[in-house]
Amino acid sequence: MATFGTLSDRLTETFRNLRTKGKLTAADVDGTVREIRRALLDADVALAVVKDFTARVRERALGDEVNKALNPAQQVVQIVNDELVGILGGEQRRLEFAKTPPTVIMLAGLQGSGKTTFAGKLARSLQADGHTPLLVAADLQRPNAVNQLQVVAEQAGATIFAPEPGNGVGDPVRVSRDGVEHARRHQHDVVIIDTAGRLGVDEELMKQASDIRKAVDPDEVLFVIDAMIGQDAVNTAKAFQEGVDFTGVVLSKLDGDARGGAALSVASVTGRPIIFASTGERLEDLEPFHPDRMASRILDLGDVLTLIEQAQQAFDEEEAAKVAEKLASEQFTLEDFLEQLQQMKKMGSMKKMLGMLPGAGQMKQQLENFDDREIDRTEAIIRSMTPGERRNPKILNGSRRLRIARGSGMTVTDVNQLVARFDQAAKMMKTVARGGTPNIPGMGPVPGMGRPGASSKRGKKGKAKGGSRSGNPAKRAAENAGLAAPSTGTGSGFGLGTGGQQTPSAEELAEIQKLFGKG
């Protein structure tokens with residue numbers, strides 16, 4: 001997660017230094033706590049929270065639970081993880097719904113914190129759970145705020161109540177009250193009220209928000225805070241708590257590049273739980289906030305549970321069963337591969353998904369260089385093939401590959417690489433489907449694990465069948481090249497044809513001899 005990337009890197013580096021020690025001294029613990037304190041302060045975590053956090057970590061790290069542990073370093077990591085979960089709110093808290101509908105949810109926060117976008121995300125999420133939300137446009141101050149909510153509502157497929165044009169016209173308290181009545185008459189079981197914000201905390205903002213709260217008596221008041229706001233997050237949260245009070249917190253813009261540590265302080269300072277985390281610009285990019293999972297991400301321990309949940313939402317179980325059956329019977333084709341790519345796209349950014357894996361922080365450079373558009377390019381290549389070519393890639397000769405490359409706007413090399421990767425992936429998946437151990441490209445099979453039914457293609461002395469046994473490297477290479485040369489020039493496995501290449505020429509033999517130091 002980009003917002004906490006720097007904090008995660010600092011903490012991971014601190015724990016890496018600990019792992020070389022078989023036993024921890026008081027000096028080791030103090031040094032580790034000192035580095036943790038610096039990392040948290042650099043990440044904008046509130047000073048009071050840092051002091052309490054590091055004091056608890058030090059006390060537990062010097063206690064018996066570490067001294068008696070078989071692996072003290074891992075035990076310290078576990079302690080830090082536990083304490084991080086604590087400052088993030090402890091246990092997950094879900095929305096509380098009214099016993100008698102409609103449930104009224106009021107959104108509060110500064111201008112630009114992401115309230116309107118979150119309103120659409122929440123409406124979409126609630127609809128997926130079978131609810132019928134109504135969005136109420138009560139932000140009548142900000143220019144075009146009503147229009148923005150109408151656009152967001154349309155994207156989310158939700159109903160909106162917007163009797164006033166906004167832009168300074170209309171009474172937000174009356175609109176909020178009428179919105180709840182409208183929801184009751186039209187059987188909407190949830191009302192989401194988008195209120196006005198300001199560039200800073202002021203009396204007018206607080207009075208308006210307080211009046212709306214008194215008028216509609218909401219079941220939930222969610223304080224939406226920008227995770228990139230910095231140290232001012234704590235002061236803003238305290239001001240809203242005193243002026244309006246809120247029942248839960250929403251962290252927005254967690255996909256940003258700011259340090260974001262101040263947002264970690266909000267739950268601890270206000271005593272209110274974080275309920276949602278907004279992780280992107282799309283309406284799908286909203287997650288229930290799990291303190292334990294967020295702590296694991298910060299410590300680079302991964303968040304596999306969230307990854308599994310997202311996969312379950314995106315993938316169709318019946319389709320997955322069909323794919324497994326095709327893999328086992330060796331009928332997996334590029335058409336099936338295309339369907340799987342489309343399912344993966346529903347899960348969102350591939351980079352974000354890979355970032356949830358344990359140890360993803362160690363692959364930070366690779367993840368930064370990963371281009372999510374690669375999936376679109378792959379899809380374009382497959383869609384440029386005929387149904388017959390997708391079902392049987394072996395018929396792809398040079399002219400077909402050239403046509404596919406032109407049709408997809410890619411190069412022949414791109415087409416060749418896709419087919420080669422598909423062949424490798426299909427072989428690995430077939431092996432796994434049969435219960436065997438796949439050959440990992442460049443590594444071979446996993447040591448100590450055989451593959452059922454696999455027969456060796458080498459002789460007792462490790463020589464390739466049919467290959468040259470000459471002791472001269474140059475002669476052996478030439479003879480093997482002659483054995484491997486194709487009889488026709490109609491097209492190689494993945495390229496545009498070899499042209500019927502025969503044994504190396506005298507010049508090529510000379511180059512081979514130079515390579516082996518024989519020239």
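Cut-off values and rules
- Here, residues in each chain are numbered from 1, in the same order as that chain's written sequence.
- Local features in this predicted model are restricted to residues whose pLDDT is 70 or higher, and side-chain atom pairs enter the listing and the counts only when it is 80 or higher, whereas totals over whole chains, interfaces and linings include all residues.
- As a rule here, side-chain values come from all non-hydrogen atoms in the structure, and water together with hydrogens is ignored.
- Under the scheme used here, helices are H or I runs from DSSP no shorter than 4 residues and strands are E runs no shorter than 2 residues, and both carry numbers assigned from the N terminus.
- Contacts were defined at the residue level, with two residues in contact if any of their heavy atoms lie within 4.5 Å.
- Note on areas: Shrake-Rupley with a 1.4 Å probe; residue coverage comes only from the protein chains shown.
- A helix is expected to reach a length of 1.5 Å times the quantity of its residues less one.
- Burial here depends on accessible area, computed with a 1.4 Å probe over protein chains only, as a share of the maximum for the residue type. Under 20% is buried, over 50% is exposed, and the range in between is partly exposed.
- Taking the helix axis as origin, the arc is that swept by the directions to the C-beta atoms.
- Remark: nonpolar core denotes a set of buried residues (Ala, Val, Leu, Ile, Met, Phe, Trp, Tyr, Cys) joined through side-chain atoms within 4.5 Å.
- Axis definition: a line fit to C-alpha positions, over the contact stretch in the case of helices; interaxial angles, taken between N-to-C directions, run 0 to 180 degrees.
- Angular relationships are summarised with four words: roughly parallel below 35 degrees, roughly antiparallel beyond 145, roughly perpendicular across 65 to 115, and oblique for the angles in between.
- Helix crossings get a hand from a simple test, with the near helix turned counterclockwise from the far one by less than a right angle marking a left-handed crossing and a clockwise turn marking a right-handed one.
- By this definition, two strands are paired if DSSP reports at least two bridges between them.
- The predictor rates its confidence in each residue with pLDDT, a number between 0 and 100.

### Details of the overall build of the protein chain
- Each helix and strand counted, the protein chain has 23 helices and eight strands in total.
- Sequence separation of at least 24 residues holds for 71% of the intrachain contacts in the protein chain that already meet a minimum separation of 6.
- When the accessible surface of the protein chain is summed, it comes to about 27100 Å², and 50% of that surface belongs to carbon and sulfur atoms.

### Let's talk about helix α3 (residues 47-61)
- The first and last C-alpha atoms of α3 sit 21 Å apart over 15 residues, in line with the 21 Å expected at 1.5 Å per residue.
- Taken together, the buried positions of α3 are occupied by Val 49, Val 50, Phe 53, Thr 54, Val 57 and Ala 61. Projected onto a plane normal to the axis of α3, the buried residues spread over an arc of 115° and lie on a single side. Among the exposed residues of α3, those pointing more than 90 degrees away from its buried face are Ala 48, Lys 51 and Glu 59.

### Overview of helix α5 (residues 72-87)
- Over its 16 residues, α5 runs 23 Å from end to end, which matches the ideal 22 Å to within 8%, given 1.5 Å per residue.
- Remark: Gly 89 follows α5 within two positions and exhibits a positive phi of approximately 120°.

### Quick notes on the nonpolar core
- In this structure, Phe 15, Phe 118, Leu 122, Ile 192, Leu 222 and Phe 240 are the most contacted members of the largest nonpolar core, which totals 92 residues.
- The residues touching Leu 222, leaving out its near neighbours within four places in the chain, are Leu 95, Ile 105, Met 106, Leu 107, Ala 108, Phe 118, Leu 122, Thr 247, Gly 248, Val 250 and Ile 275.
- Membership of the second largest hydrophobic core comes to 17 residues, among which are Phe 332, Leu 334, Val 412 and Val 419.

### Some thoughts on the packing of helix α9 (residues 203-216) against helix α10 (residues 232-243)
- One way to put it is that α9 packs onto α10 with a least axis distance of 10 Å and a crossing angle of 45°. Between α9 and α10, the angle falls in the class oblique. Of the two elements, α9 crosses α10, and the hand of that crossing is right-handed. Contacts between α9 and α10 involve Leu 205, Met 206 and Ser 210 from the first element and Ala 239, Phe 240 and Gly 243 from the second.

### Some details on the pairing of strand β7 (residues 274-278)
- The buried fraction of β7 is high, at five of five residues.
- Pairing between β7 and strand β8 (residues 286-288): three bridges, direction antiparallel. When the bridges of β8 are listed, Phe 276 appears paired with Pro 288.

### Observations concerning the confidence of the model for the protein chain
- On average, residues of the protein chain score 75 in pLDDT, and 66% of them reach the 70 mark or higher.
- Between residues 512-519, whose pLDDT stays under 50, and residues either more than four places distant or in other chains, the model counts eight contacts.

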